[in-house]
Every structure is written in C-alpha cells, then in structure tokens.
Amino acid sequence: MKDKKFYITTPIYYTNWVPHIGHAYSSLVADVIARYKRIDGFDVKFSTWVDENSQKALLKAQDLWMNIVDYLDMMATKHQAVWDWLNISYTDFIRTTEPRHHKFVQEVIQKTFEAWFIKKGNYEWLYCIGCESFKKVEDLNTDWLCPDHLTKPEIIKEENYFFELSKFQEKLEKFYEENPNFTIPNNRFNEMKTFLKEWLEDFSISRNKKLFGIPFPIDKEQVTYVWYDALFNYLTVCKYPVKSGLSISPDLDMDFWPADLHVVGKEIARFHVIYWPAMLEAAGYEKPKNVLVTGFITVDWQKIWKSLGNAIDPVEFSAKYSRDLMLLYLLTAFPIWNDWDFSEEQAVFMYNAKLANNLGNLLNRFLVLSLKIWGKIQWKIDDKISYNISQLTSWYDSIRMNSYDLKQTLDKVFLFWDILNKYLDDTKPWNLKDESQLEELINILYTLWEWLRIMAICLYPFFYDKMWELLNRIWLNYWDLEKCDLNFNELFNKTETFTIKEKWEALYPRI
Ligand code: MSP
C-alpha cells in the first residue's frame, strides 16, 4: 500500500446514447492524469461509468419497447466496451442502479435531513429532460425552447423536497477564497463565481411522480432527483467499493476521500463547483480538492446530436487511425478552456507533423548512429545539453502536469524534440568518421539516448503503448515505471550496452 493517494473521477455518463467523441474527451483527460500520477508513485483510484436514474434513459427504453432494466444492462455493457477499447485505466466502475449506491444515497439524504438542510416546498418550474435540469424563463431561447436541446421544457407543479442551497452562499464564497485553484481553468472558475454572486436558490431534490429512480428515504412516495443521486456516486465508490464480487464493504476506500480531481465538461461545472461542495458540507463530508473543467467539441460548428448524425464515434475513429492520434489531437489542438470544432483533417495533419515526422526524424537519426557502434561503453552526457534536460524534468513534474495543463506539457516536450534535432544539425555526428573522433561521437549518441529516455517517460501517460515500446528499444525495460516516482536522476550516468543491430520499424508510420 502506498502512502501517496490520488483519487480521480470522470463524470458518470447518461445511457440514452453510447459515448461519442465529447464523452471520450473527458475520459481521456482523466486517464492521462491517472497514468501520470501512477508513475509519480501514487496509489490511484480512478472511477467512472454510468448515470442511470434519468428520465431520458427511461424514455429511450420506452421508444425501443424495452424493459428499463434490460435496456440499462445493455447500455452499461456498451459503455464499458468503449472505455475498455480506449484502454481507460479505471479502477472503479459504478452504475447508479446498484444496491450499494441506493443504500448510500438514502443514508446521506437522511443525514442531510436530520441536519436541517432539506425542507418541503411547492415546486413550480420548467424542467428540461435533455439537461435533466430545471430552467428559468430567462434560460430559454426566443421560441421558449431549451437552447441546448431545442425542446420545450415540461411544466411541473407539485409538492416535493428542497435542498437549502441558499444557506451556503457565504460558506461557498469563503471556500472559494481559501481555495483559489479549486476550479481549473480560471475562466470557468470566474463564471462560477459570477453565478454565485447573482443567484443561489434552494433546489428541488425529489419528484412526486412515481418516476424511475432512488426512493426518497424521508417520503417513500417520492424519488430522488437524478443529479442529487448522481453526484454522490463519487463517494459511493469510496464508502462501498466493490473490490470482490458484489459484497458491500463499508468505508474500505474512505482514505481516498476527499477526491483529488473531478474532470467535468463546462455545462455541468455548476453542479460540481456550486451544488456539490454544498451538498457535501450538508451531509458532513469534506469537499473535493479540484474540479477540472473541459470545453465543448462541436462538429461543423453544431452541437453533437445523434439525430443530426454528426456524432464522431471514438471507437471507429481510433480504429481508423489510432488512440494516440485521437488523444494528440484532443489534447493539443486547443487549450482546455476553449471550445473546438472537430476536424479529422487537422487531426491527421498534427499526427504527421508531430509524431510521424518530428519524433520519427529524431529516432531515425538515433538509429543510424547507433547502428554504427555498439558494445559496452561508459557514456558521458554532453554538458551543453544536460541543463536543458534538468529544466525539462523539473518543469514537467512540478509545474505543468501537477496543474493539469496537458496541452502545455505536450507542447513543451515537443519543443524539446526541436531542440534536439537542432543539436544534431549543429554537432553533425554523421561527419565524425575518424577513429580519433569516436569518443565525441559516443557522447553525442549518449546525450541523444538520455533525452529520448526522458522524453519517453514524460510522454508515457499520454502514449503509454508506443512510449513503452520506445523505452524497450533503448533498453529501459528494466525500469519499473510505476515504482520510479518519476525520479529522473536515477537514469543518469549509467553504464549501458548498445545492442541495436537491426533497423526498426517506424514507431509512428506516416498517414
Ligand atoms: N450524467 C451527467 C454527469 C453526472 S456526473 C455526477 C452528464 N452526463 S453526459 O453523458 O451528458 O455528459 C458527460 C460528460 O461528457 C460531461 O462532462 C460533458 O461535458 C461531456 N460532454 C458531452 N458532450 C460533449 C461535447 N460535445 N464536448 C465535450 N464534452 C462533452 O452530464
């Protein structure tokens, strides 16, 4: 058991669809961070899967003339297959119809009620099933439709239970002040702060109709509002983790709480940045450490819609090209605080430029030189460039990856390839043909080698498969990445044996 613990989550996905590229974006961001934390010596808990108690899933099942339970089973399997295909390195899976989640949600509602944060009231509101969220008139477009789903909201009038969010206005303001990096990036945090200043009203957390959902423990005639149940999934997996079969083992993973990071899309930031900390405080739990908010991907500048047929399937796309191409594009084409219009052409272009050409060129040069000399040699790094290496490693670890700036991290590592290609252009090792120049040649080669190893480790959380292959090609396979705690110094000044005797296949073939 490691003492350094890290708990990361993706949103749990609605199951009226199979995941599209926008959903894959959330899961890939979380996956890269989880993999990075693992090589940085953390015991990582990574949780994901499906949000099932929604009205839209129920409507979809009815459309298909399917029994809701069968429908949800089918969709949960489909979702899991997508995450497995994409090799999302989750450790915990949760379906919100599981008995452990029902049990936990009912416990927290009871606790919140006893702490006087739940009251009965009259609910008269507009509700958008697409958003699974209530709306105000000013949220609608000029045709009185939900601007995101272009559907008419339901008008709901009933007596039900409210969570007293208004009691948390000042507490939240104070919490934000004390935790200035609670929400990343800054533009999203500012949006939330503005929202907090303007409007914090109590919100309904139960529904009077006998809908599909978790029975509301203090009034069995009602069911729990889907968002109120869904957010608690993050805690259910700590409180009742399924470590073996379906046994419910209380508190087993509570030492992972509070969560280190929730990765969420911008349209659900409000639920995670405003409601969630208040709900936790009301139920007597600590608040999460960070929320990372991602932007929105559009296709042909339109929202992704099944009915428009513009959804990009991440499985098909990565099968056509590769996971690495898809990830490179999603994480480097645009910063996390932006929205972006998806372009296949641009994705291929970036892959060819960065992975096939830039890295490919470097590896080829390394290979050609290595084929010339092998044997047991004491290597020495070229001082001219060792400074850049230590700069890269300290920067990588302490600055960018730990502030979850994945684009900057990748851009920076790619920049170092350029520096290295330039180093070769300057030193021209291919001209060192004389016996007396052997030592110089070896030093250049060693320097190159050292760099490649370090960059392969920096890129491992992103492109784990190919980087592992690269590390194997340059003999680092003895190094246990998950135990190294990113101690790059371990790597320096070792006596190594060169064994490259044959040409390699290109690591990233051009498309
Ligand atoms: N079930 C809720 C989340 C509950 S978490 C306690 C939900 N589900 S969702 O399936 O609609 O969306 C899941 C995630 O996918 C969200 O973070 C959302 O922002 C993200 N995306 C869905 N479409 C997207 C794009 N087109 N682009 C980028 N991300 C988007 O909300």
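See the structure printed just above.
The rules behind these values
- All residue numbers refer to positions counted from 1 along the written sequence of the respective chain.
- Reporting of local features is limited, given that this is a predicted model, to residues whose pLDDT is at least 70; pairs of side-chain atoms are given and counted only at 80 or more, and all residues count toward the totals for whole chains, interfaces and linings.
- To get the side-chain values, take all heavy atoms of the structure and skip hydrogens and water.
- Put simply, DSSP H or I for four residues or longer makes a helix, DSSP E for two residues or longer makes a strand, and each gets a number counted from the N terminus.
- Burial status follows relative accessibility: with a 1.4 Å probe on protein chains alone, a residue under 20% of its type maximum counts as buried, one over 50% as exposed, and anything between as partly exposed.
- Any pair of residues with heavy atoms lying within 4.5 Å of one another is described as a contacting pair.
- We get accessible surface area from the Shrake-Rupley algorithm with a probe of 1.4 Å; when it comes to residues, only the shown protein chains can shield them.
- The span you would expect from a helix comes to 1.5 Å times its residue count less one.
- As used here, the arc is the angular range of directions from the helix axis to the C-beta atoms.
- Here is the rule: rings of Phe, Tyr and Trp (six-membered ring for Trp) pair when centre to centre is within 6.5 Å. Planes less than 30 degrees apart are stacked, more than 60 are edge-to-face, and the remainder are tilted.
- When DSSP locates at least two bridges between a pair of strands, those strands are taken to pair.
- Counted as salt bridges are all cases of a side-chain nitrogen of Lys or Arg within 4 Å of a carboxyl oxygen of Asp or Glu.
- A cutoff of 4 Å decides nearness: a residue is near a molecule or strand if any of its heavy atoms lies inside that distance of it.
- Polar contact is defined as a pair of N or O atoms within 3.5 Å, subject to the rule that within protein one atom must be able to donate a hydrogen and the other to accept it, and that residues adjacent in sequence are counted only when both atoms are side-chain atoms.
- The method works on a 1 Å grid over the protein atoms by themselves. A cavity is a set of points holding a 1.4 Å probe that cannot get out, a pocket is an open set with protein on both sides within 12 Å along at least five of seven lines, and residues with an atom within 4 Å of a point line them.
- Grid points are joined across faces, edges and corners, and a volume is the space filled by probe spheres set on the points.
- Amino acids are sorted into nonpolar (Ala, Val, Leu, Ile, Met, Phe, Trp, Tyr, Cys and Pro), charged (Asp, Glu, Lys and Arg) and polar (every other residue, Gly among them).

1. Let's talk about the overall build of the chain
Along the chain, the regular secondary structure elements total 16 helices and 17 strands. When each of the 511 residues of the chain is scored for burial, the buried share is 58%. Residue pairs in contact within the chain that sit at least 24 positions apart in sequence constitute 77% of those at least 6 positions apart. Here the chain displays about 22200 Å² of accessible surface, and carbon together with sulfur accounts for 52% of that area.

2. Points about helix 14 (residues 406-427)
The end-to-end C-alpha distance of helix 14 is 32 Å, a good match for the 32 Å that 22 residues give at a rise of 1.5 Å each. Among all positions in helix 14, only Leu-406, Thr-409, Leu-410, Val-413, Phe-414, Phe-416, Trp-417, Leu-420, Asn-421, Tyr-423, Leu-424 and Thr-427 are buried. For helix 14, the buried positions fall inside an angular range of 155° around the axis, keeping them on one side. Of the residues flanking the end of helix 14, it is Lys-428, one or two places downstream, whose phi is positive at about 45°.

3. A short note on the side chain of His-262
For His-262, the position within the fold is in strand 12 (residues 261-265). For His-262, the contacting residues outside a window of four places in its chain are Thr-9, Tyr-234, Trp-257, His-272, Trp-276, Pro-288, Asn-290, Val-291 and Leu-292.

4. Re the packing of aromatic side chains
Each aromatic ring pair is summarised here by two numbers: the centre-to-centre distance and the angle between the ring planes. Counted according to the given criterion, the structure contains 40 aromatic pairs. Ring centres 6.2 Å apart and planes at 75° place the aromatic pair Trp-257 and Trp-276 in the edge-to-face group. Within this pair, whereas Trp-257 is found in the loop between helix 8 (233-239) and strand 12, its partner Trp-276 is found in helix 9 (residues 269-283), the two being separated by 19 residues in sequence. Accessibility classification places Trp-257 together with Trp-276 in one group, the buried group.

5. A short note on the environment of Asp-418
Among the structural elements, Asp-418 can be located in helix 14. Residues Asp-418 and Leu-362, spaced 56 residues apart in sequence, show a C-alpha to C-alpha distance of 8.9 Å.

6. Here we look at the pairing of strand 1 (residues 5-9)
The side chains of a regular strand alternate, residue by residue, between the two faces of the sheet. Burial runs high along strand 1: five of the five residues are buried. Pairing of strand 1 with strand 3 (residues 43-51) involves five bridges; the strand directions are parallel. Counted as the bridge partner of Tyr-7 is Lys-45 from strand 3. Across two bridges, strand 1 lies against strand 12 in parallel orientation. Bridge pairing in strand 12 places Ile-8 opposite Leu-261.

7. Notes on the pattern of salt bridges
Considering all chains together, one arrives at 26 salt bridges under this definition. Here Arg-365 and Asp-425 are joined by a salt bridge, their closest N and O atoms 2.5 Å apart. Taken together, the residues span a long stretch of sequence, with Arg-365 in helix 12 (residues 344-372) and Asp-425 in helix 14 at a distance of 60 residues. Exposure remark for Asp-425: the relative accessible area of 37% places this residue in the partly exposed category. Asp-411 is the partner of Lys-407 in a salt bridge, and the nearest nitrogen-oxygen pair spans 2.9 Å. On the criterion of helical spacing, the pair formed by Lys-407 and Asp-411 is a turn pair, its members being four residues apart in helix 14. Through salt bridges with shared partners, a single network forms among Arg-188, Glu-191, Lys-266 and Asp-339.

8. Side note on the site of the ligand
Of all residues adjacent to the ligand, which total 23 residues, the nearest are Ile-12, Asp-51, Gly-265, Glu-267 and Ile-297. Here a nitrogen atom of the ligand and a backbone polar atom of Gly-22 are 3.3 Å apart. Residue Glu-267 places a side-chain N or O atom 2.7 Å away from an oxygen atom belonging to the ligand. Here the ligand, which alone exposes 660 Å², has 94% of that area covered by the protein.

9. Notes on empty space enclosed by the protein
Overall, the coordinates contain two cavities of 30 Å³ or more when judged by the stated rule. As a volume, the largest cavity reaches approximately 80 Å³. The wall of the largest cavity is formed by Asn-53, Gln-55, Tyr-127, Glu-132, Arg-207, Leu-211, Phe-212, Val-223, Thr-224, Tyr-225 and Val-226. Residue composition of the lining of the largest cavity, by class: six nonpolar, three polar and two charged. If you add up the space inside the second largest cavity, you get close to 40 Å³. Taken together, Trp-125, Phe-134, Leu-165, Phe-195, Trp-199, Leu-200, Glu-201, Asp-202, Phe-203 and Tyr-275 form the lining of the second largest cavity. Per-class residue counts for the lining of the second largest cavity are eight nonpolar, no polar and two charged.

10. Details of the side chain of Ser-26
Along the polypeptide, Ser-26 turns up in helix 1 (residues 21-39). In this structure Ser-26 touches Pro-11, Tyr-13, Val-263 and Thr-294, once residues within four positions along its chain are discounted.

11. Focus on unusual backbone geometry
For the bond running from Ile-184 to Pro-185, omega is -5°, close enough to zero to count as cis. Within the element layout of this structure, Pro-185 appears in the loop between strand 8 (183-184) and helix 6 (186-198). Of note, the bond from Trp-257 into Pro-258 is cis; its omega dihedral lies within 30 degrees of zero at 5°. Mapped onto the elements of the fold, Pro-258 is located in the loop between helix 8 and strand 12. Even without being glycine, Trp-49 reaches a positive phi, approximately 130°. Relative to the helices and strands, Trp-49 is located in strand 3.

Purely geometric numbers; function is a separate question.
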